[in-house]
Amino acid sequence: MRASDTFDARAPRLSARSRSVLNEPNLILVSLLLAAGCSRAPATDPGAEYRGFLLVDARPKVDFVLMDTEGQPFDFRERTDGYVTLVFFGYTYCPDICPVHMANIGAVLKEASPDVRGRVKVVFVTTDPERDTPEQIRTWLDNFDPSFIGLRGDMEKVNEIQVALGLPPAVKGEVEEDGSYLVGHSAYVLAFTSDNLAHLLYAFGTRQVDWASDLPKLVAENWE
Amino acid sequence: MALLVCGLGCSAESSNGDAPAADGTFSSGLLKVSTVYVAEPVTDERAAMYFTISNVGDRGDELVAVRTAAAGRVEIHQNVEEDGRMMMEAVSGVRVPSRWTIHFAPGSYHVMLLELQDSLRTGDSIYASLQFESGDMVSVVAQVRPYAELEELLASEDDEGDS
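Residues numbered from 1 in each chain as written. Chains lettered and ligands numbered in written order. Predicted model: local features only at pLDDT ≥ 70, side-chain atom pairs only at ≥ 80, totals over all residues. Heavy atoms only, no water.

As a further point, take the overall build of chain B. Broken down by element type, chain B carries 1 helix and 11 strands. Element order for chain B, N to C, with α for helix and β for strand: β-β-β-β-β-β-β-β-β-β-β-α. Per-residue burial over chain B gives 52% buried out of 163 residues. Expressed as a percentage of contacts within chain B between residues at least 6 apart in sequence, the contacts between residues at least 24 apart total 67%. Accessible surface computed for chain B: about 7,100 Å², of which carbon and sulfur atoms make up 45%. (Helix = DSSP H or I, 4+ residues; strand = E, 2+ residues; numbered from the N terminus. Buried < 20%, exposed > 50% of the residue type's maximum accessible area, 1.4 Å probe, protein only. Contact = heavy atoms within 4.5 Å. Areas by Shrake-Rupley, 256 points an atom, 1.4 Å probe, with all protein chains shown as cover.)

On inspection of all chains with the given rule, the structure shows 16 salt bridges over all chains. Between Glu62(B) and Arg95(B) there is a salt bridge whose closest N-O contact spans 3.6 Å. Here the residue Glu62(B) occupies a position in strand S4 (residues 61–67), and Arg95(B) occupies one in strand S7 (residues 94–96), the gap between them amounting to 33 residues. Using a relative accessible area of 34% as the deciding quantity, one classes Arg95(B) as partly exposed. A network of salt bridges, in which partner residues are shared, links Asp178(A), Arg73(B), Glu75(B) and Glu115(B). (Salt bridge = Lys/Arg side-chain N within 4 Å of Asp/Glu carboxyl O.)

This brings us to the packing of aromatic side chains. We describe a pair of aromatic rings using the distance from one ring centre to the other and the angle between the two ring planes. All names here are of chain A. Summed over the entire model, instances satisfying the criterion amount to 9 aromatic pairs over all chains. Ring centres 5.8 Å apart and planes at 20° place the aromatic pair tyrosine 50 and tryptophan 223 in the stacked group. Here tyrosine 50 is found in the loop between helix H2 (27–36) and strand S2 (53–60), whereas its partner tryptophan 223 is found in the segment after helix H8 (208–220), with 173 residues between them in sequence. Here the aromatic rings of tyrosine 202 and tryptophan 211 are separated by 4.3 Å at their centres, their planes lie at 35°, and the arrangement is tilted. Like tyrosine 202, the residue tryptophan 211 is buried in the burial classification. (Phe/Tyr/Trp six-rings, centres within 6.5 Å; stacked < 30°, edge-to-face > 60°.)

Our focus in this paragraph is the side chain of Asp132(A). Residues and elements named next belong to chain A. Topologically, aspartate 132 is positioned in the loop between strand S6 (120–126) and helix H6 (134–142). A polar atom in the side chain of aspartate 132 sits 2.6 Å from the side chain of threonine 92. Leave out the neighbours within four places in its chain, and aspartate 132 touches Tyr91, Thr92, Tyr93, Thr126, Ile137 and Arg152. (Polar contact = N/O pair within 3.5 Å; in protein donor to acceptor, adjacent residues only side chain to side chain.)

Further remarks concern helix H4 (residues 97–111) of chain A. Here H4(A) contains 15 residues, and its C-alpha end-to-end distance of 22 Å stays within 8% of the 21 Å for a straight helix at 1.5 Å per residue. The buried fraction of H4(A) is high, at 13 of 15 residues. (Expected span 1.5 Å × (residues − 1).)

Once that is clear, we can look at H6(A). By the burial criterion, the buried members of H6(A) are Gln136(A), Ile137(A), Arg138(A), Trp140(A) and Leu141(A). In this structure, the buried residues of H6(A) make contact with H4, S6 and strand S7 (149–152) of chain A.

On the side of chain B, 38 residues touch chain A, which itself brings 44 residues to the contact. Here chain A meets chain B over a buried area of about 3,400 Å², counting both sides, of which 57% is carbon and sulfur. Run the count over chain A and chain B and you get 1 salt bridge. One salt bridge connects Arg73(B) with Asp178(A), and the closest N-O pair in it is separated by 2.8 Å. Counting across the interface, chain A meets chain B through 10 residue pairs in polar contact (both at pLDDT 80 or more). Listing elements by their share of the side of chain A that touches chain B, those giving two or more residues are helix H1 (10–17), H2, H4, H6, strand S9 (183–186) and H8 of chain A. It is H4(A) that provides the largest number of residues to the side of chain A that touches chain B, a total of 6 residues. When its residues are assigned to classes, the side of chain A that touches chain B shows 24 nonpolar, 12 polar and 8 charged. (Buried area = accessible area lost by both parts, 1.4 Å probe. Nonpolar A, V, L, I, M, F, W, Y, C, P; charged D, E, K, R; others polar.)

Structure below.
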């Protein structure tokens, strides 16, 4: 048995907690860091310390329009302009990673001050447009926070967006006899700030205390 | 084979000699199962179950199946990361070496309850049995709790004070 088979819920958290400086989208490096449970974190101003992974080269927003859960076009750049915007790609059939990320963010926003809450938008983009109907996405998101934005478009377009954002494209798994299938997708939440750049990446294993610590900082940060 | 099918109607302590301890630990011989939870499903189709298995014996064992009348089909899954993507995959079993503890947790191992027979809501509990390669079986009661509470519920005891 491999050593990594014994890791538990704590392992990713330890690494998500410390500030890690990463160069351009090097997700393999991120996963190595996660697997090793360590980070090459230089000590920086503790007051500015983030628990997500700091991206040395901030990623710009990508222009795209997808359909929201009301069936209306949603212009990503225009509608999230100036907001702290947490973007996550996943699917509602996902029982493990996706609902935990969404539930943790939802729980923290519920307790956040109106100043923070009012400046944060959460955008969920489905990587399973075949099964995720707008209604299904809405019902699913409402469990976590009715203000969460759900977007849907064809798989090819969604994958182009992910690649443009420095995330790996989603991959549909083998279809079982009963027609069910799984979708492999990035487990990272990308965080854009008021300057419309993503400076931070949040791995799976980011805890509610981590979001509670980082969200007010993301709202206050001007990156100057 | 009747013992293997521990459904909604069967009492947690009926199938083997060891009654569940008051602290929510279930055991059979040298296998102990604790922190047993089902995440309240967001859609009523499938749900994930988590627990911690400790093997306090000198011989390794393997969890080979989980059975519950609450689901039409049960699979043991792990998350694997490949090229930056997380993908679930079914596994045939999970080794529990001697004097070892395995934590099932989001992002790692979990039990998938498919074809849910009834909607599961926070406050409900379901019976399940964990079948091991050695023939040992541990009957457990899993409480249904919201996803947002999982990280706290599943935190290991040695996490206490670590914040």
